[in-house]
Amino acid sequence: GKGRFLLNMAKPILISTLSGIERYSSCLLRAVEKFDTEEFSDLPNIRFVCMDARELPEVFAESEVDRIYLNFSDHGQNHVMQNAVLHQQSFIRYEKVLPPQGLVEFKTDNTPLFDFSLEQVKEAGWTLQAFYYDLHHNKELNKENIMTEYEEKFSSKGNPINKLIAMRK
């Protein structure tokens, strides 16, 4: 994406490394420009990668990734369910880079895609740890939520934000 989520995630906690993956160089450039500001330039744990997430197993080693965040991955595309970021082939790729009990967190305002993704979690044999159809109206969950640019845009229009957390078997 445009970097807000990644950069704000890195500020309060210094995780060993956070990699922001974006397949569109124009969006990635916006994230890098934000990173280059004084507010974020002191974060040593940020990496930017311009690639398609389908290539995760070619870039990251087995169990190298602890958690995958998929934020509004369906916007900017005419997304059909077969190309969704949470479908059977995606889970196979995620299993190659996540350790057992590794997590995938997915947020979207697209409820039909969210419903499809919930089904796919079960079909892939993963554990659905939690899911929410209106994240922003749950005070407890929302207080630690880091919003993306898309999330703010769609939430301000009254669109409910859906979120799921799935754990690898």
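Higher on the page you've got the structure.
Bear in mind the structure is a predicted one, so any value in this text is a computation, not a measurement.

Criteria and cut-off values
- Residues numbered from 1 in each chain as written.
- Predicted model: local features only at pLDDT ≥ 70, side-chain atom pairs only at ≥ 80, totals over all residues.
- Heavy atoms only, no water.
- Buried < 20%, exposed > 50% of the residue type's maximum accessible area, 1.4 Å probe, protein only.
- Helix = DSSP H or I, 4+ residues; strand = E, 2+ residues; numbered from the N terminus.
- Arc of directions from axis to C-beta.
- Contact = heavy atoms within 4.5 Å.
- Pairing = 2+ DSSP bridges.
- Axes fitted to C-alpha atoms, helices over the stretch in contact; angles between N-to-C directions.

## Focus on helix α2 (residues 25–35)
Taken together, the buried positions of α2 are C27, L28, A31 and F35. Projection of α2 onto a plane perpendicular to its axis shows the buried side chains occupying an angular sector of 100 degrees, all on one side. Along its buried surface, α2 packs onto α1 (4–10), β1 (18–22) and β2 (46–50).

## Section: the sheet that holds strand β4 (residues 103–108)
Here four strands make up an open sheet; going across it, the order is β3-β4-β6-β5 and the pairing mixed. Edge positions in the open sheet fall to β3 (67–71) and β5 (127–132), since each of these has one partner strand only. Across this sheet, the average inter-strand angle for adjacent strands is 10 degrees, counted without regard to direction. Across five bridges, the pairing between β3 and β4 is parallel. Bridging from a neighbouring strand, I68 pairs with V104 of β4.

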